Amino acid sequence: MYSGPIIDVDVHHRWKSDVDMLAYLEPEWRELADRERNEVWLEAPIALFHHSTGWNKRSDTVPEAGGPPGSDYELLCEQWLDPYPVERAILTFDVGTNAGIPNPMFASALCRAANDWNIDTWLDGHNDPRLYGSILVPTQLPEDGAAEIYRHAGNPRMVQALVVSNGLGKPFGHPIYHPIYAAAAECDLPIAIHNGGDQWGLTTHMTAGGMPATRFEFHTLAPQSGLTHLASFITNGVFEKFPNLRLSMIEIGVSWLPWLLWQLDRYYPELKKESPLLKKLPSEYFREHITVTTQPLEMTDRREDLIEGLEAADGIEDILVFSSDYPHWDFDDPTFVARRLPASWAPKVFYENGLRMLRWPANAKTLELASAQAEE
Amino acid sequence: MFVDVGACDEFEEGVARVVMASGRQLGVVRWRGEVFAVRNICPHQLGPICGGHTMPLIAPGDDGVARVHDDTLVIICPWHSWEFEARTGKATWSDRFKLKTYPAKVEGGRVLVDVGDPKIRDDETGAPSGRMARKIAQRSAA
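This one's a predicted model, so the numbers in the text were calculated from it and none came from an experiment. (Residues numbered from 1 in each chain as written. Chains lettered and ligands numbered in written order. Predicted model: local features only at pLDDT ≥ 70, side-chain atom pairs only at ≥ 80, totals over all residues.)

Undergrad: Give me the overall build of chain B: which residues, what numbers.
TA: On a plain count of helices and strands, chain B comes out with one helix and ten strands. Put simply, chain B runs from its N terminus to its C terminus through helices and strands in the order β-β-β-β-β-β-β-β-β-β-α. The buried share of chain B, reckoned over its 142 residues, is 35%. Considering only contacts within chain B whose residues lie at least 6 apart along the sequence, 50% involve residues at least 24 apart. (Helix = DSSP H or I, 4+ residues; strand = E, 2+ residues; numbered from the N terminus. Buried ≥ 20, exposed ≤ 12 C-beta atoms within 10 Å, placed from the backbone. Contact = placed C-beta atoms within 7 Å.)

Undergrad: Let's hear about the overall build of chain A: which residues, and what values?
TA: Scanning chain A from N- to C-terminus turns up 15 helices and eight strands. For 376 residues, the compact-globule formula gives about 21 Å, and the C-alpha radius of gyration of chain A, at 20 Å, lands near that figure. Considering only C-alpha atoms, chain A reaches an extent of 55 × 50 × 45 Å along its principal axes. Within chain A, the proportion of its 376 residues that are buried is 51%. The contacts of chain A with a sequence gap of at least 6 include a subset with a gap of at least 24, amounting to 80%. (Rg over C-alpha atoms; globule rule 2.2 N^0.38 Å.)

Undergrad: Please set out the sheet that holds strand β3 (residues 24–31) of chain B residue by residue, giving values where relevant.
TA: Read from one edge to the other, the open sheet built from four strands follows the order β2-β3-β4-β8 (chain B), with strand pairing classed as antiparallel. This sheet does not close on itself; its edge strands, each paired only once, are β2 (17–21) and β8 (101–102) of chain B. (Pairing = 2+ DSSP bridges.)

Undergrad: An account of the sheet that holds strand β3 (residues 131–136) of chain A is requested, with residue identities and associated values reported.
TA: Strand-to-strand pairing in sheets goes through backbone hydrogen bonds, with the strands running parallel or antiparallel. All names here are of chain A. Spatial strand order, β1-β2-β3-β4-β5-β6-β7-β8: eight strands in an open sheet with parallel pairing. Single-partner strands in this sheet number two, and they are β1 (6–11) and β8 (320–321). Alignment of strand β7 (residues 290–293) against β8, held across two bridges, turns out to be parallel. Bridge pairing in β8 places Thr 293 opposite Val 321.

Undergrad: Give a description of the packing of helix α4 (residues 104–126) of chain A against helix α5 (residues 142–152) of chain A that names residues and reports values.
TA: Residue and element names in this part refer to chain A. Contact pair α4 / α5: the axes reach a minimum separation of 10 Å and the direction vectors enclose 15°. Classified by the interaxial angle, the pair formed by α4 and α5 is roughly parallel. The two elements α4 and α5 meet at a crossing, and its hand is right-handed. Of the residues in α5, those in contact with Ser 108, Cys 111, Arg 112 and Asn 115 of α4 are Asp 144, Glu 148 and His 152. Tallied by class, residues from the contact of α4 with α5 come to one nonpolar, three polar and three charged. (Axes fitted to C-alpha atoms, helices over the stretch in contact; angles between N-to-C directions. Parallel < 35°, antiparallel > 145°, perpendicular 65-115°, else oblique. Left-handed = near helix turned anticlockwise from the far one by under 90°. Nonpolar A, V, L, I, M, F, W, Y, C, P; charged D, E, K, R; others polar.)

Undergrad: Summarise the nonpolar core; cite the residues concerned and give the values.
TA: The nonpolar side chains of a soluble globular protein tend to be buried with one another. In terms of nonpolar packing, the biggest core is built from 131 residues, with Val 137, Ala 161, Val 163, Ile 180 and Ala 184 of chain A together with Val 28 of chain B touching the most fellow members. With nine residues, α4 of chain A is the largest single contributor of residues to this core. Those residues in contact with Val 137 of chain A that sit more than four places away from it in its chain are Ala 99, Cys 111, Gly 145, Glu 148, Ile 149, Ala 161, Leu 162, Val 163 and Ile 180 of chain A. (Core = buried A, V, L, I, M, F, W, Y, C linked by C-beta atoms within 7 Å.)

Undergrad: Go over the pairing of β1 of chain A with me, naming the residues and quoting the values.
TA: Residue and element names in this part refer to chain A. Within β1, six of the six residues are buried, leaving the element largely enclosed by the surrounding structure. In terms of strand pairing, β1 meets strand β2 (residues 86–91) through four bridges, oriented parallel. Along β2, the bridge assignment pairs Ile 7 with Arg 88.

Undergrad: Just give me the short version of unusual backbone geometry, but keep the residues and values in it.
TA: All names here are of chain A. Note the cis peptide between Gln 295 and Pro 296, where omega equals -5°. Position of Pro 296 relative to the elements: it lies in the loop between β7 and α12 (303–311). Cis rather than trans, the peptide bond between Tyr 326 and Pro 327 has omega equal to 0°. Position of Pro 327 among the secondary structure elements: in the loop between β8 and α13 (334–340).

Undergrad: I'd like a description of the pairing of strand β5 (residues 191–194) of chain A, backed by residues and values.
TA: Residue and element names in this part refer to chain A. By the alternation rule, side chains of β5 split into Ile 191 and Ile 193 and Ala 192 and His 194, which are all buried. Judged from the three bridges that link them, strand β4 (residues 158–163) and β5 form a sheet pairing that is parallel. Directly across from Leu 162, in β5, lies its bridge partner Ala 192. Handedness of the crossover joining β4 and β5 through helix α6 (residues 178–186) is recorded here as right-handed. One ladder, built from four bridges, connects β5 with strand β6 (residues 247–250); its direction is parallel. When the sheet's bridge partners are listed, Ile 191 is paired in β6 with Leu 247. (Right-handed = clockwise from strand over helix to strand, strands pointing away.)

Undergrad: So what's going on with the environment of Cys 111 of chain A? Which residues, and what values?
TA: All names here are of chain A. You can see Cys 111 is positioned in helix α4. Accessibility expressed as a C-beta count within 10 Å gives 27 for Cys 111, which makes it buried. Between the alpha carbons of Cys 111 and Glu 26 there is a distance of 11 Å; along the sequence they are 85 residues apart. Setting aside anything within four residues of it in sequence, one finds Cys 111 in contact with Asn 98, Ala 99, Leu 136, Val 137, Pro 138 and Glu 148.

Undergrad: Quick one: what's the story with α6 of chain A, residue by residue and with numbers?
TA: All names here are of chain A. All of the buried residues along α6 are Ile 180, Tyr 181, Ala 183, Ala 184 and Ala 185. Buried positions along α6 lie against α5, β4, β5 and α9 (238–241). Phi turns positive one or two residues past the end of α6, at Asp 188, with a value near 55°.

Undergrad: I'd like a rundown of the environment of Pro 142 of chain A, residues and numbers included.
TA: All names here are of chain A. With respect to the helices, strands and loops of the structure, Pro 142 is situated in helix α5. Look at Pro 142 and you get buried, because 21 C-beta atoms sit within 10 Å. With 34 residues separating them in the primary sequence, Pro 142 and Ile 176 have C-alpha atoms 7.5 Å apart. The residues touching Pro 142, leaving out its near neighbours within four places in the chain, are Ile 176, Tyr 177, Pro 179 and Ile 180.

Pasting the structure below:
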């Protein structure tokens, strides 16, 4: 069983109360959102389909001292960072749907405030070398998104540009979003798309085919939008325009991967004229530029079924990156993931692929430990 | 062999309390005159199941209408909300998964549980809940 180092690219954190974050909002917007006078939304509503047990969090992650799950650093350490060998964890807000507020200028201001709050309160405030931050990107005004990336790119602890809310209702590979990717490419930061956020708020397509009625439907089908964005990135030639850009797809499961690669490659010979930027098979772009997080890992009756399904996509062990999704309700324990995947994949999935995606230098000693685990 | 895990009134009605008994970390819950003991490990992802909450079983009858079953208590894992009957350990949706249960009784105001003599003993702190986490903890302590 793998017990080597872990890079977790999806750890959710949030402010204890809105007031904490509002202190970082520019004065003209802070006035609008003053909690004593009104209840202006600071995030696109995600409450439409609350989990049947109450909310979308593990029920043991509520801090005793108050505040919502994910708001207490000490509890994060106690439940996740300390008992497991987590070497690096990337904070991803409570998904970060602030960019999905209808007013585009307010949405941009909220993203700026959230990023400043994150740096001040979590990265600098706790000064824990395991913690890294994401630049929450405003998407309705892509130029604002690019500016936000440039504003933080010099901070070595801000390691990816987090794209969540689908501000303009177009699949994320659409050229209208390319100013964001140009900035990320210039700054050599990966784009991380966290599933779910683009399905709340501004957009009306939570799932394909119509509005779901239950969390059960929505959550089962949530990966649909991720597949849309992946196909869009590739067919719009994003990786030809920005050859050093990397894309991390977070929280859409994994078992659909062979199917998507097969379909994109199958239609490429006949339809490539529609995508003149493309110069090679879609699956080649995928393997060179994209990683997909393991969570929520599909649970097949037989472990072998999942492995055989994944192995149908050659080299999938180089695409998968572990994520826990702590403290959300469909969190994956690394023990569970390690038990379900081949032991030989573990050093890559838990550690090496994350290093590569984030262009982090390997800690030689840690790398040795990870590799040794695969041989056990 | 039954071992004493505490006075009956130390166990709040309907709340699973984690105790150690013969090297096993258990959740013990008193409910409507009965007492149940289960292992504090969810068979799904090995989460500390007794850190969650309990409630009467809600399940549909043959007519497809959900009803509250007041005669059956379920324990719900805090991690992923998997539900198991406290009395039998059966998962509420499948025969494939089962929570380990142990004989439990109340005698003379004391709660007694029989866990046998397990070969591998649980970590008393209960903090790391996964096998890998325990392995790490053991390595750190060494």
